[in-house]
Amino acid sequence: MKFGVIGAGQMGAGIAQVAAQAGFTVVLRDVEERFLERGRATIQKSLGKLHEKGKLDATPQAVLDRVHFTTRLEDFAECDLTVEAIVENEAVKQELFGGLGRIVKTGGILASNTSSIPITSLATASGRPEQFIGMHFMNPVPLMQLVEVIRGYRTSDETARLVEETARMMGKTPLSCNDFPGFVSNRILMPMINEAIQCVMEGVAEKEAIDGIMKMGMNHPMGPLTLADFIGLDTCLAIMEVLHQGLGDDKYRPSPLLRKMVQAGLLGRKSGRGFYEYQ
């Protein structure tokens, strides 16, 4: 299989890595060489860790050699399945899929790794809604088992079957849901994170106590504020706004503190500071 990934950030690099580990020929694209180099470094580091733990069937270099790095959209023409993992912005994604729909061979499946944007909207923009689907991987991709598979209004049964089969070949467990705002994962997770942020704003408890209560009391691997920093507060805000707009219920209103922190550039790990500080 020829597997395409667009966006060489944390998610895109991870998706490209697990596709290459599955033996696929992978095309990984970003808009500039420096982003591709950063993606290459991310994959190398991750493969190195897996190799040290004895969890890699091939050598790290053999896996990396299956990945072709490019800035050209035309290199996706022969891809059987292409997954988009770029910025969480509907207009930008629509423009990308409009171009991909004209370039990728007939029958090639297009998928989005979006965490909340309507799949049906992106499918329409692609011009091939029957061959379009949501393929939402979890972060960090090489370690997390789930792929949330989201069918758009016109996604064909065959497209869904092929994507679920591909996910299993990549060592993942595909679970299906329908195209509603936030799908399942973020419709449940993000309001919890938002409520934790609201608790900070209202002075219900210190941030360490909020995280500790959820970790020890609910057996969560990390507290909601730590998780928000890991995801990126800008991404959390974008998803909350999709939920609020798409479902029209004020229970999904983003916390004013979340909005203020994003305005201040306190985005979490990627900016060095969110609810906590990072080196």
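Residues numbered from 1 in each chain as written. Predicted model: local features only at pLDDT ≥ 70, side-chain atom pairs only at ≥ 80, totals over all residues. Heavy atoms only, no water.

Chemist: Lay out the pairing of strand β4 (residues 81–84) in plain terms, naming residues and giving numbers.
Modeler: The alternating pattern of β4 places L81 and V83 on one face and T82 and E84 on the opposite face, and all of these are buried. Sheet topology places strand β1 (residues 2–6) next to β4; four bridges connect them, and they run parallel. Residue V5 lies in a different strand from β4, and its bridge partner there is V83. The pairing of β4 with strand β5 (residues 109–112) spans four bridges and is parallel. Counted as the bridge partner of V83 is A111 from β5. Running through helix α4 (residues 90–103), the crossover from β4 to the neighbouring parallel element β5 is right-handed. (Buried < 20%, exposed > 50% of the residue type's maximum accessible area, 1.4 Å probe, protein only. Helix = DSSP H or I, 4+ residues; strand = E, 2+ residues; numbered from the N terminus. Pairing = 2+ DSSP bridges. Right-handed = clockwise from strand over helix to strand, strands pointing away.)

Chemist: Before we move on, could you go through the environment of S185 and cite the residues and values that matter?
Modeler: Tracing the backbone through its elements, the reader meets S185 in helix α7 (residues 185–202). Apart from residues no more than four positions distant in its own chain, S185 is found in contact with H136, M138 and E148. Of note is the side chain of S185, whose polar atom sits 2.7 Å from the side chain of E148. (Contact = heavy atoms within 4.5 Å. Polar contact = N/O pair within 3.5 Å; in protein donor to acceptor, adjacent residues only side chain to side chain.)

Chemist: Provide a residue-level description of the pattern of salt bridges, including the pertinent values.
Modeler: Overall, the coordinates contain 12 salt bridges when judged by the stated rule. The residue E32 makes a salt bridge to R34 at a minimum N-O spacing of 2.5 Å. Residue classification places E32 among the partly exposed positions, given a relative accessible area of 33%. For E84, the salt bridge goes to K93, with nearest N and O atoms at 2.3 Å. Note on K93: relative accessible area 1%, which makes it buried. (Salt bridge = Lys/Arg side-chain N within 4 Å of Asp/Glu carboxyl O.)

Chemist: Describe the sheet that holds strand β6 (residues 132–137), listing the residues and the values that go with them.
Modeler: Strand order in the open sheet made by the eight strands is β3-β2-β1-β4-β5-β6-β7-β8, with mixed pairing throughout. Two strands bound the open sheet, and with one partner strand each, they are β3 (67–70) and β8 (173–178). Averaged over all pairs of adjacent strands, the angle between their axes in this sheet comes to 25 degrees, without regard to strand direction. Relative to strand β2 (residues 25–29), β1 runs parallel, the two sharing five bridges. (Axes fitted to C-alpha atoms, helices over the stretch in contact; angles between N-to-C directions.)

Chemist: Now, about the domain arrangement of the protein: what can you tell me, with residues and values included?
Modeler: Taken domain by domain, the protein consists of domain 1 (2–178) and domain 2 (186–270). Distance between the C-alpha centres of domain 1 and domain 2: 27 Å. Tallying the contact residues gives five residues for domain 1 and four residues for domain 2. Summing both partners gives a buried area of about 480 Å² for domain 1 against domain 2, and 61% of it is carried by carbon and sulfur. For the interface between domain 1 and domain 2, the tally reads one residue pair in polar contact (both at pLDDT 80 or more). For the side of domain 1 that touches domain 2, a count of residues per class yields one nonpolar, four polar and no charged. (Domains from an automatic or database assignment. Buried area = accessible area lost by both parts, 1.4 Å probe. Nonpolar A, V, L, I, M, F, W, Y, C, P; charged D, E, K, R; others polar.)

Chemist: If you had to explain helix α2 (residues 33–52) to someone new, which residues and values would you point to?
Modeler: Between its first and last C-alpha atoms α2 spans 29 Å; for 20 residues at 1.5 Å apiece the expected length is 28 Å, and the two agree. Three or more residues of α2 are buried, namely F35, L36, G39, I43, S46, L47 and L50. Viewed end-on, α2 has its buried residues packed into an arc of 105 degrees, placing them on one side of the element. Away from the buried face of α2 by more than 90 degrees, exposed residues R34, R38, K45 and E52 are located. Residues of α2 that are buried in the fold lie against α1 (10–21), β2, α3 (60–64) and β3. Where α2 ends, the next residue or the one after it, G54, has phi of about 75 degrees, a positive value. (Expected span 1.5 Å × (residues − 1). Arc of directions from axis to C-beta.)

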